[in-house]
Structure formats: structure tokens, C-alpha cells
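Chain residues, written in single-letter form:
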Amino acid sequence: MSDDALAFRFFSLHVVRTASLGPSLVRVTFGGEDLAHFESDGLDQSLSLFVPAPGCTEPGVPVEEGENWYQAWREQPDETRAVMRSYTLRALRREPDEIDIDFVLHGVEPGAAVPAGPASRWAADAKPGDRVQLIGPAVADNRAIRFRPAEDTDLVLMWGDETALPALLACLESLPAGMPVRAWLEVEDAGNIQDVETKADAEVTWLVRDTHHTEVPHGLDGVGDAPAPMALGPIAAAELPPAERPYVWLAGESGSMRELRRHFVGERGVDRRRVTFVGYWRRGLTEEQLREQGE
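Small disclaimer: the values here were computed from a predicted structure and weren't measured.

Novice: Would you take a moment to explain the overall build of the protein chain for this structure?
Specialist: Helix and strand content of the protein chain: seven helices and 11 strands. For the protein chain, the residues scored as buried account for 49% of the 295 residues in total. Taking the contacts inside the protein chain whose residues are at least 6 apart along the sequence as the reference set, 71% of them involve residues at least 24 apart. Counting only carbon and sulfur atoms, one obtains 48% of the accessible surface of the protein chain, whose full area is about 13,900 Å².

Novice: Is there a simple way to think about the confidence of the model for the protein chain in this case?
Specialist: Note: predicted coordinates in regions of low pLDDT should not be interpreted at a detailed level. For the protein chain, mean pLDDT is 88; residues scoring 70 or higher make up 84% of the total. Element-level mean pLDDT values for the protein chain span from 55 in helix 7 (residues 287-292) up to 98 in strand 6 (residues 131-137).

Novice: Is there a simple way to think about the pairing of strand 2 (residues 25-31) in this case?
Specialist: Strand residues, when the strand is regular, have side chains that alternate between the two faces of the sheet. Here strand 2 lies mainly inside the structure; seven of its seven residues are buried. The alternating pattern of strand 2 places L25, R27, T29 and G31 on one face and V26, V28 and F30 on the opposite face, and all of these are buried. Pairing between strand 2 and strand 5 (residues 98-104): seven bridges, direction antiparallel. Across the sheet, residue L25 finds its bridge partner in strand 5, namely V104.

Novice: Any chance you could explain the nonpolar core here in plain terms?
Specialist: Most often, soluble globular proteins keep nonpolar side chains buried together rather than apart. Within the largest apolar cluster, 28 residues are counted, with the highest numbers of intra-cluster contacts made by F147, V156, M158, V181, W249 and Y280. Elements represented by at least two residues in this core include exactly strand 7 (155-160), helix 4 (165-174), strand 8 (180-187), strand 10 (246-253) and strand 11 (275-281). Top element by residues in this core is helix 4. It accounts for six residues. For V156, the residues in contact, after removing those within four places along its chain, are F147, L175, M179, P180, V181, R182 and Y247. Formed by 24 residues, the second largest nonpolar core is a distinct cluster that contains L35, Y87, W122 and L134.

Novice: Hey, could you run me through the packing of aromatic side chains in this one?
Specialist: Here the distance between the centres and the angle between the planes together describe a pair of aromatic rings. Tallying each qualifying case throughout the model produces 13 aromatic pairs. On the basis of an interplanar angle of 85° and a centroid distance of 6.0 Å, the ring pair of F50 and W73 is categorised as edge-to-face. Here F50 is found in strand 3 (residues 46-51), whereas its partner W73 is found in helix 2 (residues 69-74), with 23 residues between them in sequence. The pair F50 / W73 is uniform in exposure class, with both members buried. Summarising the aromatic geometry, the rings of Y70 and W73 are spaced 5.6 Å apart at their centres and angled 40° between planes, so their arrangement reads as tilted. With a gap of three residues between them, Y70 and W73 both fall in helix 2, about one helical turn apart. Through successive ring pairs, a cluster of aromatic residues spans F10, F50, W69, Y70 and W73. Over the aromatic face of F11 sits the side chain of R9, whose NZ or CZ is 4.7 Å from the ring centroid. Sitting over the face of the ring of W73, R81 holds its NZ or CZ atom 5.9 Å from the ring centroid.

Cut-offs applied
Along each chain, residues carry numbers from 1 onward, in the same order as the chain's sequence is written. Reporting in this predicted model follows two pLDDT cut-offs: at least 70 for local features of residues, and 80 or more for side-chain atom pairs to be given and counted; totals over whole chains, interfaces and linings ignore these cut-offs and use all residues. Side-chain calculation: all heavy atoms of the structure are included, whereas hydrogens and water are not. Helix and strand definitions follow DSSP, with helices as H or I runs of at least four residues and strands as E runs of at least two, each counted in order from the N terminus. Here the term buried applies to any residue with accessible area under 20% of the maximum for its type, exposed to any over 50%, and partly exposed to those in between, with areas from a 1.4 Å probe on protein chains only. Residue contacts are defined here by distance: any two heavy atoms, one from each residue, within 4.5 Å place the two residues in contact. Note on areas: Shrake-Rupley, 1.4 Å probe, and residue coverage restricted to the protein chains presented here. What pLDDT reports is the predictor's confidence in each residue, on a scale of 0 through 100. A pair of strands is labelled paired if DSSP reports no fewer than 2 bridges between them. We define a nonpolar core as any set of buried Ala, Val, Leu, Ile, Met, Phe, Trp, Tyr and Cys residues linked to one another through side-chain atoms lying within 4.5 Å. Pairing of aromatic rings covers Phe, Tyr and Trp, the last counted by its six-membered ring, and requires centre-to-centre distances within 6.5 Å; plane angles under 30 degrees mean stacked, over 60 mean edge-to-face, and any other angle means tilted. A ring has a charge above it when a Lys NZ or an Arg CZ is no more than 6 Å from the ring centre and no more than 35 degrees off the ring normal.

Take a look at the structure:
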């Protein structure tokens, strides 16, 4: 088994509690004895979460198959196969061992034009004791952490939509005192705006979409469509602090990130090697379809 494979393992967890963060955001706290072996430096730590298929109470991932678990999982019947989705660690705590994962809940309301996907529906109804399985890190510094500004970075620039809020806020919290930061966050509803805690010299701009006239992304299930990032105009017009070695982190819908990356590299002159972009979803595609395309 490779060293990379040893950096990750399965964790059997259960819901401890849930908390609403806004009209379309909910935080689910998980616990379990396995978390004693969970190690992460936080930041934008990516996780693979398995929730039970609709109508089932156990995720039933064939962990006993060892390295062949994925093929065995794919071969399970559709009606019982656990739903796998990618999420970001929001927080890890000890004594007791707990982790937080934040979920976007677009489409769970009655009569929604585009119904929510199975992971959002699960999160909306989650209650203490509900069981899940998770692929997460057993090594704190691992390849599923993408936020890596160089030591000589003198300005951090960030953008994210709702799906990137947990990662972006966690990264902000990690930055050292005095680090100049400019961040733009897009949300569907002003009620989803969250408090920002950071020692950095951060200027955070929240942008609220007009959902009465535009369609919006539907979280990690990738359902529906979305407009171009509304942050593009404000970012292009922004007067940034002087910097010789800026670092850019972009996360959210894949097409939106490409437009913003072109702006920072092509118009702002940022070294493309100092730009990190992480696609959490793509318009019109489910995560299963993205996985089939190898993305």
C-alpha cells in the first residue's frame, strides 16, 4: 500500500447535533470513536462523505473489501448504494472528538423548482444518532489540503460561493496577524452571511445574489445552473494593496473559477503558479457525472 493511501482511511461516525447557519445552510456535527485517528491541519481539507441511500438507515460502504471497496460500492444496487459526496472539514475538536461539516440546502423547501439532491435532503433531515461513513485524513498534512500560500506571500486574494464558505472561512482563521487579505464571498441570501474571525488584515466583501431573477447553484449535488460570478465586477474594480508575491485561492463552481482565474492571471499579472482553484461543482452536472468524467 502506498504512503499516499495510508494518509487516508474510513471513519464510522454518527450525528451528534445539527445547527442552522442561515436559510440554506446547516452545520452537522459528527462524533465517533474512530475520530481518535482523524488528523488534519484544517484549512480547505477535503473529505468524502457517504450517507445512506434514501429509505436506508446505514451507509453500508463495503469497507471489508479493502482496496477493492470502490468497485464493490459501484456494483451495489442503486436503491441501496450509499450516496458519496465531497465536502470540506469546517472544524475538528478534541475532548470530545468531533468534526463539523456545513451543508448547502438549496431545493429542500416544498415546491422548489429544482429539487435538492440526496445529500442535501439527508442533511436537512439529519438527527442525532444517524450514521455515516467518511474517507478522511489520518495524516495532518495531506494532499486533500489545497490552500498553500508560499512563505513569502505578501497578499492573499480569495473568492468562493456557498459551497466554499466552510473552506474559505477556515483558511481565513488560519492566517497570521497582519497578513493583507481581500476576500469576496457570494451567497444566495443575506441570512447566510456569517461572522468572520481572523487575525489577518482582512477586508471581506459579501455579495448577495438576486435569486428572484437568476438561477443559483444547488450545492455539491450540482443541479441547476448559475450566472457568471457576480464578484467579477467588484474584483476587477477593486484597488488592491501593493504586493509583489500575491497568492490567489478560488473555490466553487468550475466555470466561475475559470473566469476569475483569467482575470487574476491575465489582467492582474498574478503568477499562475500562485493561483489555486478548486472546483466543488459544475453547472448542470451531478457529482456522479463529474466522477465519470474523471474530475
